[in-house]
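So the chains spell out like this:
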Amino acid sequence: MLKPFLIALAALTAVPATAQVEARQLFGAVDTATSGSAEPFGSYARGCVAGAVQLPETGPTWQAMRLSRNRNWGHPDMISFIWRLSQQAVTEAGWNGLYVGDISQPRGGPMLSGHASHQLGLDADIWMLPPDQLDLTRQQREDLSSISVRSEDQRSVSENWTPSHLAVLRAAASDPAVARIFVTPAAKQEMCRTAGEDRAWLRKIRPWWGHNYHFHVRLNCPAGATQCENQAPIPAGDGCDETLAWWTSEEALNPPPAAPGTPAPTPRRQLTMADLPQQCGAVVGN
Ligand SMILES: [Zn+2]
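These lines cover the structure that appears in this document, whether it is placed above or below. The structure displayed is predicted, hence computed values, not measured ones.

Rules and cut-offs
Residues numbered from 1 in each chain as written. Predicted model: local features only at pLDDT ≥ 70, side-chain atom pairs only at ≥ 80, totals over all residues. Heavy atoms only, no water. Phe/Tyr/Trp six-rings, centres within 6.5 Å; stacked < 30°, edge-to-face > 60°. Helix = DSSP H or I, 4+ residues; strand = E, 2+ residues; numbered from the N terminus. Buried < 20%, exposed > 50% of the residue type's maximum accessible area, 1.4 Å probe, protein only. Lys NZ or Arg CZ within 6 Å of the ring centre and 35° of its normal. Axes fitted to C-alpha atoms, helices over the stretch in contact; angles between N-to-C directions. Left-handed = near helix turned anticlockwise from the far one by under 90°. Contact = heavy atoms within 4.5 Å. Nonpolar A, V, L, I, M, F, W, Y, C, P; charged D, E, K, R; others polar. Donors = N, O, S within 2.8 Å, 3.2 Å for Na, K, Ca; no water. Disulfide = S-S within 2.5 Å.

1. What to know about the packing of aromatic side chains
Here is step 1 of the chain: Here the structure, examined in full by the defined rule, presents 7 aromatic pairs.
Here is step 2 of the chain: Both rings, one in tryptophan 208 and one in tryptophan 247, keep their centres 5.6 Å apart while their planes meet at 55°; by these two values the pair is tilted. Linking tryptophan 208 in the loop between strand 10 (205-207) and strand 11 (214-219) with tryptophan 247 in the loop between helix 7 (242-246) and helix 8 (250-253), this pair joins segments that are 39 residues apart in sequence.
Here is step 3 of the chain: Assessed through its relative accessible area of 43%, tryptophan 208 is described here as partly exposed.
Here is step 4 of the chain: A residue is classified by how much of its surface remains accessible, and tryptophan 247, at 11% relative accessible area, is buried.
Here is step 5 of the chain: Taken together, Phe182, Trp208, Trp209, Trp246 and Trp247 form an aromatic cluster joined through their ring pairs.
Here is step 6 of the chain: One residue, arginine 218, lies across the ring of tyrosine 44, its end atom 4.4 Å from the ring centre.

Below, the structure is given as structure tokens:
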């Protein structure tokens, strides 16, 4: 019985020590980006980014929120997108700009709390709260909360939803750099009802759980980023169909209890360095 044991031991020791470490511990401990050119490695929920850029804490038309989290880092494409969209929030929606929530950690990767994705510097959460002022102090940016655009029963938008929200989301979805945008299903239903003739942009607006206090913008892999994996393409059409209606159905919002004897779903395992593209070891400095 010793021989199989020795073979197993040899296999274990062949793996570099850091390969079994929880990736979020390593990525969560680094507070600066790598220097050099920007490149995402892997997929949105399993990857990292080299050469990320920090979104300036305050710009002419935005403020980064919750600065203590140090998640205002992104691929340069994301930083320029936020610059663009925040200007359009002024011109298209009459807002003062945007409050920007989490983008990524300085080197992307898994996080110690929240978010399965946001690992490539290509995802950003934008608050549903139109900015009242763009000179909030650091402390105010910790204390202020966004608003929910969804009703209590989750079946419709709340009184916080306005046509200007549609204008901001339309501008975001119309941007060629954007792959998809996640919103609360009730918000997509409202936009389907009120968009009018010009509705091709609705295709990129995707219903998802949560996303009532913010919308989540996901950019395409940048041109030439050969190690970046795009998501599968969105189905054809504007998505204003029965698949959207399902999200606010009784079945979706109040699922029947599982039958006796059904095994409980296994909790998601934390990613280790071995789960990430090999380049991420160098990116995080291990
Ligand atoms: Zn998000």
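Let's pick the thread back up.
2. What about the packing of helix 3 (residues 76-93) against helix 5 (residues 163-173)?
The geometry of a pair of packed helices is captured by two quantities: the angle between their axes and the separation between those axes.
Here is step 1 of the chain: Between helix 3 and helix 5, the shortest axis-to-axis distance is 9 Å and the interhelical angle comes to 140°. In this structure, the crossing between helix 3 and helix 5 has a hand that is right-handed. Of helix 5, the residues touching helix 3 (which contributes Phe81, Leu85, Gln88, Ala89, Glu92 and Ala93) are Ser164, Ala167, Val168, Ala171 and Ala172.
Here is step 2 of the chain: Of the residues in the contact of helix 3 with helix 5, the class split is 8 nonpolar, 2 polar and 1 charged.

3. Describing the coordination of the zinc ion
Here is step 1 of the chain: Each protein donor to the zinc ion is listed here as His118 (NE2), Asp125 (OD) and His216 (ND1); together their distances run 2.1 to 2.3 Å.
Here is step 2 of the chain: Here the donor residues of the zinc ion are spaced in sequence according to H-x6-D-x90-H. A residue pair is termed long-range when its members are at least 10 positions apart, and histidine 118 in the loop between strand 7 (98-100) and strand 8 (123-127) and histidine 216 in strand 11 qualify at 98 residues. You'll find histidine 118 and histidine 216 in the same group, each marked buried.

4. Let's talk about the state of the cysteines
Here is step 1 of the chain: Per the stated rule, a full pass over the model turns up 3 disulfides.
Here is step 2 of the chain: A sulfur-sulfur separation of 2.0 Å characterises the disulfide bridge that pairs cysteine 192 with cysteine 240. Because the sign of the S-S torsion sets the handedness, a value of about -80° for the bond joining cysteine 192 and cysteine 240 places this disulfide among the left-handed ones. Here cysteine 240 lies in the loop between strand 11 and helix 7 and cysteine 192 lies in helix 6 (residues 185-194), a separation of 48 residues in the sequence.
Here is step 3 of the chain: Judged by its relative accessible area of 12%, cysteine 192 falls in the buried class.
Here is step 4 of the chain: Between the sulfur of cysteine 221 and that of cysteine 228 lies a disulfide, 2.0 Å long from S to S. Taking the sign of the S-S torsion, -75° for the link of cysteine 221 and cysteine 228, the bridge is left-handed.

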